[in-house]
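Okay, here's what each chain looks like letter by letter:
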Amino acid sequence: MKESISHCFETLKEKSPLVQSITNFVVMNNTANALLSLGASPIMAHAKSEVLDMVGIVNALVINIGTLDEYWVESMLLAAQRANDLGKPWVLDPVGAGATPYRNETIGKLLALKPSVIRGNASEILSLAQVNIKSRGVDSIHDSGEAVQAAINLSKEVGCIVCVSGAKDFIVGGERVVSLDNGHPMMAKVTGMGCTASAIVGAFSGVEKDLFLATTAAMAVLGVAGEIAAEKSDGPGTLQLHLYDTLYNLTSGELMKRMKVEF
Ligand SMILES: Nc1ncnc2c1ncn2[C@@H]1O[C@H](COP(=O)(O)OP(=O)(O)O)[C@@H](O)[C@H]1O
Ligand SMILES: Cc1ncsc1CCOP(=O)(O)O
Ligand SMILES: [Mg+2]
């Protein structure tokens, strides 16, 4: 698996996938910079007048409901349907799932369109799997390990790959589960770190057809880059900056050496 992840990483650098994001106002800059540092190419586009054409030219689509509103939701549904029609992968980041009925209703519509990959924190994945939990905005109040069974159920129900992020990241494809034990607790103190994870999952999905492998590779890269960056940082501000530099300079050798992956 480590070799396949490393190969995926090399392919991404070589192909520089174009990734469309319909994402939230908070993280547009963070995620675009992370994709560029990694070697992918970001484009943020949500106008209904261009969304169908845009999906036509990108390698993957990321839909993130962080700052959703009625217009944006229509764009998201159009884009997701178009990606399905064209057989292109699309990633759902269900930011703040469970926080309000509007978010849940929107997530229901997006799930009906069957995302290729769902990446969320534990509270979000528990909410999507209809586990009756309390949620509190965009930050998780559960450990990722608590949401693994929910992720398995969700993966089977929707027929997609599910990633639960947190101290450990779990990637689930039906009964297959992989865990990654990289990263650093300070990563949760930078807004948009999860959104960045989802954007990177989009980038890998744009170059690797096996989406279980693509998602695992994406989370391994962010986890390893995050922990290297954290070692150089005094706090979340410098972590954000060091993360770009680390993504930019990361080699497959360093990735292989640091990655802690388990089946
Ligand atoms: N306690 C932690 N230890 C190590 N890595 C973490 C920790 N918390 C979050 N991360 C990492 O931060 C990234 C974002 O995950 P998370 O914080 O769960 O997403 P979100 O921002 O959507 O809540 C992932 O790469 C995850 O592995
Ligand atoms: C704070 C906030 N509010 C709406 S979207 C958003 C960003 C959430 O980003 P992440 O889930 O990656 O921490
Ligand atoms: Mg999030």
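Computed from a predicted structure; not experimentally measured.

Novice: Describe in detail the UniProt feature "binding site: ATP" (unreviewed entry) in the protein chain, supporting the description with residues and values.
Specialist: Look at the UniProt record and you will see "binding site: ATP" (unreviewed entry) annotated at Arg119 and Ser165. Spanning 47 residues, the annotated positions come together in the fold, the maximum distance between their C-alpha atoms being 7.3 Å. Structurally, Arg119 is set in strand β5 (residues 117–121). Other than its neighbours up to four places away in sequence, Arg119 contacts Leu92, Asp93, Pro94, Cys163, Ser165, Gly194, Cys195, Ala197, Ser198, Val201 and Met219. Polar contacts involving the side chain of Arg119 include one to the side chain of Ser165, which spans 2.8 Å. Residues within four places of Ser165 in sequence aside, it is in contact with Arg119, Gly120, Asn121, Ala122, Ser144 and Met219.

Novice: Please give an account of the packing of aromatic side chains that cites residues and values.
Specialist: Following the criterion strictly, the structure yields 1 aromatic pair and no others. The cationic tip of Arg176 hangs over the ring face of Phe212; the distance from NZ or CZ to the ring centre is 4.1 Å.

Novice: Quick rundown of the site of ligand 2? Include the residues and the values.
Specialist: If you check the shell around ligand 2, you find Asn24, Val26, Val27, Gly66, Thr67, Val138, Thr191, Gly192, Met193, Gly194 and Cys195 and nothing else. Burial of ligand 2 by the protein amounts to 80% of the accessible area it has alone, namely 370 Å². When the residues that make up the shell around ligand 2 are grouped by side-chain class, the tally is 5 nonpolar, 6 polar and no charged.

Novice: Could you give an account of the UniProt feature "binding site: substrate" (unreviewed entry) in the protein chain, naming the residues involved and the relevant values?
Specialist: The sites that carry the UniProt feature "binding site: substrate" (unreviewed entry) are, in the present numbering, Met44 and Gly192. Locating Met44 in the fold gives a position in strand β2 (residues 41–44). Not counting the four nearest positions on each side in its chain, Met44 is found in contact with Ser21, Thr23, Met28, Thr31 and Ala32. Its location among the elements puts Gly192 in the loop between β8 (176–180) and α8 (193–205). A residue is classified by how much of its surface remains accessible, and Gly192, at 10% relative accessible area, is buried.

Novice: Describe in detail the sheet that holds strand β9 (residues 261–262), supporting the description with residues and values.
Specialist: Pairing is mixed across the open sheet formed by 9 strands, whose spatial order is β2-β1-β3-β4-β5-β6-β7-β8-β9. Edge positions in the sheet fall to β2 and β9, since each has one partner strand and no second. Pairing of strand β1 (residues 18–22) with β2, which is carried by 4 bridges, proceeds in the parallel orientation. Across the sheet, Val19 pairs through a bridge with Pro42, a residue of β2.

Novice: Outline the site of ligand 1, supporting the account with residue identities and numerical values.
Specialist: Looking at ligand 1, there are 16 residues lining it, with Asn121, Ser165, Asp169, His184 and Gly194 nearest. Take Asn121: an N or O atom from its side chain is 2.9 Å from an oxygen atom of ligand 1. Within the backbone of Gly194, one N or O atom sits 3.1 Å away from an oxygen atom of ligand 1. Elements that contribute at least two residues to the shell around ligand 1 include exactly β5 and α8. Split into classes, the residues belonging to the shell around ligand 1 amount to 7 nonpolar, 7 polar and 2 charged.

Novice: Could you give me a rundown of the pattern of salt bridges, with the residues and numbers involved?
Specialist: The final tally for this structure, using the stated rule, is 6 salt bridges. For Glu74, the salt bridge is made with Lys48, and the minimal N-O distance between the two is 2.5 Å. On the criterion of sequence distance, the pair formed by Glu74 in helix α4 (residues 70–86) and Lys48 in the loop between β2 and α3 (51–57) is long-range, its members being 26 residues apart. Judged by relative accessible area, which is 41%, Glu74 ranks as partly exposed. Classification of Lys48 as partly exposed rests on a relative accessible area of 29%. Between Lys109 and Glu105 there is a salt bridge whose closest N-O contact spans 3.6 Å. In this pair, Lys109 and Glu105 are both assigned in helix α5 (residues 101–112), 4 residues apart and thus about one turn of the helix distant. Taking the relative accessible area as the measure of exposure, Lys109 reaches 41% and is therefore partly exposed. Using a relative accessible area of 45% as the deciding quantity, one classes Glu105 as partly exposed. Within this structure, Glu227, Glu231 and Arg258 form a network of salt bridges that share partners.

The rules behind these values
Residues numbered from 1 in each chain as written. Chains lettered and ligands numbered in written order. Predicted model: local features only at pLDDT ≥ 70, side-chain atom pairs only at ≥ 80, totals over all residues. Heavy atoms only, no water. UniProt positions renumbered as here; feature names shortened; annotations may be inferred. Helix = DSSP H or I, 4+ residues; strand = E, 2+ residues; numbered from the N terminus. Contact = heavy atoms within 4.5 Å. Polar contact = N/O pair within 3.5 Å; in protein donor to acceptor, adjacent residues only side chain to side chain. Phe/Tyr/Trp six-rings, centres within 6.5 Å; stacked < 30°, edge-to-face > 60°. Lys NZ or Arg CZ within 6 Å of the ring centre and 35° of its normal. Near = heavy atom within 4 Å. Areas by Shrake-Rupley, 256 points an atom, 1.4 Å probe, with all protein chains shown as cover. Nonpolar A, V, L, I, M, F, W, Y, C, P; charged D, E, K, R; others polar. Buried < 20%, exposed > 50% of the residue type's maximum accessible area, 1.4 Å probe, protein only. Pairing = 2+ DSSP bridges. Salt bridge = Lys/Arg side-chain N within 4 Å of Asp/Glu carboxyl O.

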